[in-house]
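# Structure assessment
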Amino acid sequence: MAHEKQTEILNRHVSNWNVLFVKLHNYHWYVKGPHFFTLHEKFEELYDEAAGHIDELAERLLAVDGKPVGTMKEYLNISTIKEAEGEKSAEQMVQDLVKDFDKVVEELKSDIEKLEDVGDEPTADMLIGVRQSVEKHNWMLKSFLGE
């Protein structure tokens, strides 16, 4: 049961971060307006960080004898994050990311508890680090929006 829970949790996060990786590239390429330079750079920073999370999560899954998902079809089926759709203003892009990051943080909180309950403190600790980073980025994005 513990191994199944680890696999489910880690593959959902691998999937979420892969969808976010693609969405952040979309926003990086298509952002326009007076905040172009700021957001273009920020989106690149975020997709670079997402790539690190993907690798770390997948390698942790392999270390606990799991199998990380590795196709876009699997990511989209498992992810709780939706891919980018249609044209958005710069502000709409940031609002969308805030919602996504809120969802990721809530899932991380719950998953950290579940992993601790099944005795997987190393994975829980890794997710705590991811959560801390996402919370900081989300605070910055909310500040950008004046929230």
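Here, every reference points to the structure presented above.
Residues numbered from 1 in each chain as written. Predicted model: local features only at pLDDT ≥ 70, side-chain atom pairs only at ≥ 80, totals over all residues. Heavy atoms only, no water.

A few words now on the side chain of Lys23. By the secondary structure assignment, Lys23 is in helix H1 (residues 2-30). Judged by relative accessible area, which is 2%, Lys23 ranks as buried. There is a polar contact of 2.6 Å between the side chain of Lys23 and the side chain of Asp100. In this structure, Lys23 is in contact with Ile81, Lys82, Glu83, Ala84, Asp96, Leu97 and Asp100, ignoring residues within four places of it in sequence. (Helix = DSSP H or I, 4+ residues; strand = E, 2+ residues; numbered from the N terminus. Buried < 20%, exposed > 50% of the residue type's maximum accessible area, 1.4 Å probe, protein only. Polar contact = N/O pair within 3.5 Å; in protein donor to acceptor, adjacent residues only side chain to side chain. Contact = heavy atoms within 4.5 Å.)

Before going further, it helps to spend a moment on the packing of helix H4 (residues 90-117) against helix H5 (residues 121-144). The N-to-C vectors of H4 and H5 enclose an angle of 160°; their axes lie 9 Å apart at closest approach. In terms of orientation, H4 and H5 fall into the roughly antiparallel class. The crossing of H4 and H5 is left-handed. Classifying every residue of the contact of H4 with H5 by side-chain character gives 16 nonpolar, three polar and eight charged. (Axes fitted to C-alpha atoms, helices over the stretch in contact; angles between N-to-C directions. Parallel < 35°, antiparallel > 145°, perpendicular 65-115°, else oblique. Left-handed = near helix turned anticlockwise from the far one by under 90°. Nonpolar A, V, L, I, M, F, W, Y, C, P; charged D, E, K, R; others polar.)

Below, the discussion takes up the packing of aromatic side chains. The description of an aromatic ring pair uses the distance of the two centres, along with the angle that the planes make with each other. Overall, the coordinates contain four aromatic pairs when judged by the stated rule. Relative to Tyr47, the ring of Phe21 lies with its centre 6.0 Å away and its plane at 80°, an arrangement referred to as edge-to-face. With a gap of 26 residues between them, Phe21 in helix H1 and Tyr47 in helix H2 (residues 36-63) connect regions that are remote in the sequence. Between the aromatic rings of Phe36 and Phe37, the centroid separation amounts to 5.2 Å while the plane-to-plane angle is 80°, which identifies the pairing as edge-to-face. (Phe/Tyr/Trp six-rings, centres within 6.5 Å; stacked < 30°, edge-to-face > 60°.)

Before going further, it helps to spend a moment on unusual backbone geometry. One can expect most non-glycine residues to show negative phi and most peptide bonds to be in trans. Residues other than glycine seldom take positive phi values, yet Asp65 does so here, at roughly 65°. By the element assignment, Asp65 lies in the loop between H2 and helix H3 (72-78). When its relative accessible area of 66% is taken as the criterion, Asp65 is described as exposed.

Quick look at the nonpolar core now. Core analysis: the biggest nonpolar cluster contains 39 residues, and Trp17, Phe43, Leu97 and Leu127 have the highest contact counts within it. Looking at this core, the elements with two or more residues in it are H1, H2, H4 and H5. Sort the elements by how many residues they give to this core and H4 lands first, with eleven residues. Beyond its immediate stretch of four places on either side in the chain, Leu127 contacts Ile9, His13, Leu57, Leu108, Asp111, Ile112 and Leu115. (Core = buried A, V, L, I, M, F, W, Y, C linked by side-chain atoms within 4.5 Å.)

Now for the pattern of salt bridges. Charged atoms that come close allow side chains of opposite charge to pair. Across all of its chains, the model carries eleven salt bridges by this definition. In this structure, the salt-bridge partner of Arg12 is Glu107, at a minimum N-O distance of 3.0 Å. A residue pair is termed long-range when its members are at least 10 positions apart, and Arg12 in helix H1 and Glu107 in helix H4 qualify at 95 residues. Accessibility expressed as a relative area gives 12% for Arg12, which makes it buried. A salt bridge links Arg131 to Glu135, with the shortest nitrogen-to-oxygen separation between them at 2.9 Å. With a gap of four residues between them, Arg131 and Glu135 both fall in helix H5, about one helical turn apart. For Glu135, a relative accessible area of 33% gives the class partly exposed. A cluster of three or more residues bridged by salt bridges with shared partners is formed by Arg12, Glu107, Asp111 and Lys114. (Salt bridge = Lys/Arg side-chain N within 4 Å of Asp/Glu carboxyl O.)

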